[in-house]
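For reference, the chains in residue letters:
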Amino acid sequence: MNSEEIQKCDAAALCRTYARYPLAVNRGQGTRLFSPEGKVYTDLLAGIAVCNLGHSHPELVEVICAQAKKLIHVSNLFYQEEQVELAKKLLGTCHLDRVFFCNSGAEANEGAIKLARRYMREGRGQERYEIITVTGSFHGRTLATLTATGQDKIKTGFGPLPEGFVTVPFGDLDAMKAAMNDRTAAVLIEMIQGEGGVKPLPEDYARGLAALCAERGVLLMIDEIQTGVGRTGKFWAHQHLGLRPDVVTVAKGLAGGLPMGAVMCTEEVSKGFPPGSHGTTFGGNALISAVAKKVIEIIERDDLCGRAARLGEHLRGRLAALREKFPERIADVRVHGLMVGIELTSPGADVWKALLEKGFVLNLTQDTVLRLLPPLVITEEELDAFAAALEAVLATA
Ligand SMILES: Cc1ncc(COP(=O)(O)O)c(C=O)c1O
């Protein structure tokens, strides 16, 4: 099918949930995407922080083929070597002790919410079930996770929503303190809001929050679904501040493009998931686990965290110069490794579209923020080419 035919079929057959970009993609190679007509794009989005190793990475393709011939799926009724090997590898990247594998970010956060509630009952014998989140956050689209999400537009029309969720203003520690009471089970929070416009937690706030949670016996659950797996220049964003959350959720980049999520927790908190308490059919199956293990091995071997940090700094220099040149167009530049937000002074659909026409795939979030989440294997030259294209667009827009 050509692009037009694909778009027509899509409009006729699929639910209208997505505001699609005017682009069909039928092949990906490294940092490049190809349309059916053969137009080439530089991918600065990586499937929204998913394809951290780029597209069709030869070593991932090899693992997928080999594992598919050996075993794709049995069930979590069985022990599987691939799953335990991945668990060891993943837990080796942080301070946490146990992991539950699932299939998406929303499912990981849903699992974390269930874990927190049941841990309070079974682990501590306390009736604590409230989950506190902050405004501007995004935690997923299941009923519990959209209730946790601090953006009203995500919730519209889906009520009645589950009870036991409180949202407080972003970055306001006094409001957080005031919201905590003897029903509070956990705080669920992103270190850097992704959908919210690449907005980092202020450092003092993040440290203060961790101390407050420890003092009040509230679980600190960090949603690293977008920031994890090397994206920000360390394997986990919370490691930049040396935080030790009780629970971390991850998905997106974990299995290089195959659907996988995970909830990681301390030994103590894992008491909240006794046998039979939680489960999922596909989570951590042999194929996905083998691929995810390879993803982590490559990230460590090729020091892609260091690469993300270095390339982010390089891009920061280029973008800072553009901000100086176009102060009336660029309001702010936020760079955290290869998680980058360029906040424009006005809605940026025209700039985003012009960049797409020039062959750069990125995302516009919150109307004014150009968001870049490129594969961690992107090159300096590709980032320079993007900066030059953005300069040209801003000069003519
Ligand atoms: C921080 C964060 N949490 C949760 C989610 C939900 O993940 P998924 O779309 O895999 O359900 C996302 C997705 O964008 C996210 O960025």
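Residues numbered from 1 in each chain as written. Predicted model: local features only at pLDDT ≥ 70, side-chain atom pairs only at ≥ 80, totals over all residues. Heavy atoms only, no water.

Here the focus is the overall build of the chain. The helix and strand inventory of the chain stands at twelve helices and 17 strands. For 397 residues, the compact-globule estimate of 2.2 N^0.38 gives 21 Å, and the chain sits close to it at 21 Å. Expressed as lengths along the three principal axes of its C-alpha atoms, the size of the chain is roughly 65 × 55 × 45 Å. Taking all 397 residues of the chain together, the buried fraction comes to 53%. (Helix = DSSP H or I, 4+ residues; strand = E, 2+ residues; numbered from the N terminus. Rg over C-alpha atoms; globule rule 2.2 N^0.38 Å. Buried < 20%, exposed > 50% of the residue type's maximum accessible area, 1.4 Å probe, protein only.)

In the vicinity of the ligand lie 13 residues, with G105, A106, D223, Q226 and K252 positioned nearest. G105 is positioned with one of its backbone polar atoms (N or O) 2.8 Å from an oxygen atom of the ligand. In the model, a nitrogen atom of the ligand is placed 3.2 Å from a nitrogen or oxygen of the F138 main chain. In isolation the ligand exposes 390 Å². Once the protein is present, 81% of that is buried. At three residues, helix α5 (residues 105–123) tops the list of elements feeding residues into the shell around the ligand. When grouped by side-chain class, the residues that make up the shell around the ligand number three nonpolar, six polar and four charged. (Near = heavy atom within 4 Å. Polar contact = N/O pair within 3.5 Å; in protein donor to acceptor, adjacent residues only side chain to side chain. Areas by Shrake-Rupley, 256 points an atom, 1.4 Å probe, with all protein chains shown as cover. Nonpolar A, V, L, I, M, F, W, Y, C, P; charged D, E, K, R; others polar.)

The terminal C-alpha atoms of helix α9 (residues 286–301), which comprises 16 residues, lie 22 Å apart, in line with the 22 Å expected from a rise of 1.5 Å per residue. Within α9, burial applies to A286, L287, I288, S289, A290, V291, A292, V295, I296, I298 and I299. Following α9 by one or two positions, D303 adopts a phi angle in the positive range, close to 45 degrees. (Expected span 1.5 Å × (residues − 1).)

A cis geometry characterises the amide bond from G159 onward to P160, with omega recorded as 0 degrees. Within the secondary structure layout, P160 lies in the loop between α6 (143–148) and β6 (165–168). The backbone phi angle of Q366 is positive, close to 55 degrees, even though this residue is not glycine. Topologically, Q366 is positioned in the loop between β16 (363–365) and β17 (369–372). Taking the relative accessible area as the measure of exposure, Q366 reaches 35% and is therefore partly exposed.

Here the structure, examined in full by the defined rule, presents four aromatic pairs. A centroid spacing of 6.0 Å and a plane angle of 70 degrees characterise the contact between F360 and F386, whose relative ring orientation is edge-to-face. With F360 in strand β15 (residues 360–361) and F386 in helix α12 (residues 380–396), this residue pair connects regions lying 26 residues apart in the sequence. Its relative accessible area of 8% is what places F360 among the buried residues. A relative accessible area of 0% places F386 in the buried class. One cation-aromatic arrangement involves R27 over F34; the distance from NZ or CZ to the ring centre is 4.0 Å. The positively charged end of K199 is found above the aromatic ring belonging to F170, 4.3 Å away from the centroid. (Phe/Tyr/Trp six-rings, centres within 6.5 Å; stacked < 30°, edge-to-face > 60°. Lys NZ or Arg CZ within 6 Å of the ring centre and 35° of its normal.)

Here we come to the sheet that holds strand β4 (residues 98–102). Strand pairing in a sheet is mediated by backbone hydrogen bonds. Such pairs are either parallel or antiparallel. The seven strands are arranged β4-β12-β11-β10-β7-β5-β6 in an open sheet whose pairing can be described as mixed. The outermost strands of the open sheet, each flanked by one partner alone, are β4 and β6. With strand direction ignored, the average angle separating the axes of adjacent strands in the sheet is 20 degrees. Note that strand β11 (residues 247–250) and strand β12 (residues 261–265) share four bridges and pair antiparallel. Across the sheet, the residue bridging to T249 is V263, located in β12. Strand contacts of helix α4 (residues 81–91): β4 and β12, with the helix running at about 120 degrees to β4, the strand carrying the most contacts. (Pairing = 2+ DSSP bridges. Axes fitted to C-alpha atoms, helices over the stretch in contact; angles between N-to-C directions. Contact = heavy atoms within 4.5 Å.)

Before going further, it helps to spend a moment on the domain arrangement of the chain. Quite often, the size of an interface is put as the accessible area lost when its parts meet. By domain assignment, the chain separates into domain 1 (1–43) and domain 2 (58–301). Once you take the C-alpha centre of each, domain 1 and domain 2 turn out to be 31 Å apart. (Domains from an automatic or database assignment.)

Further remarks concern the nonpolar core. Core analysis: the biggest nonpolar cluster contains 94 residues, and M176, L319, I342, F386 and L390 have the highest contact counts within it. Tallying contributions element by element places α9 first for this core, with eight residues. The two domains that each donate at least three residues to this core are domain 1 (1–43) and domain 2 (58–301). When residues no more than four places from it in sequence are discounted, the contact partners of M176 are I132, V134, V168, V187, Y205, L209 and L212. (Core = buried A, V, L, I, M, F, W, Y, C linked by side-chain atoms within 4.5 Å.)

For strand β5 (residues 130–134), a buried count of five out of five residues is recorded, marking the element as mostly surrounded by other parts of the structure. The alternating pattern of β5 places E130, I132 and V134 on one face and I131 and T133 on the opposite face, and all of these are buried. Between the parallel pair β5 and β6, the chain is carried across by α6, and the sense of this crossover is right-handed. (Right-handed = clockwise from strand over helix to strand, strands pointing away.)

Inspection of every chain in the model, using the stated rule, returns 23 salt bridges. The residue D10 makes a salt bridge to R20 at a minimum N-O spacing of 2.8 Å. With D10 in helix α1 (residues 3–13) and R20 in the loop between α1 and β1 (27–29), this pair connects stretches of sequence that are ten residues apart. Residue K353 is joined to E357 by a salt bridge in which the shortest nitrogen-to-oxygen separation is 3.6 Å. With K353 and E357 both in helix α11 (residues 349–357) and four residues apart, this pair spans about one turn of that helix. The exposure class assigned to E357 is exposed, which follows from its relative accessible area of 52%. By sharing partners, the salt bridges in this structure join E85, K293, K294 and E297 into a single network. (Salt bridge = Lys/Arg side-chain N within 4 Å of Asp/Glu carboxyl O.)

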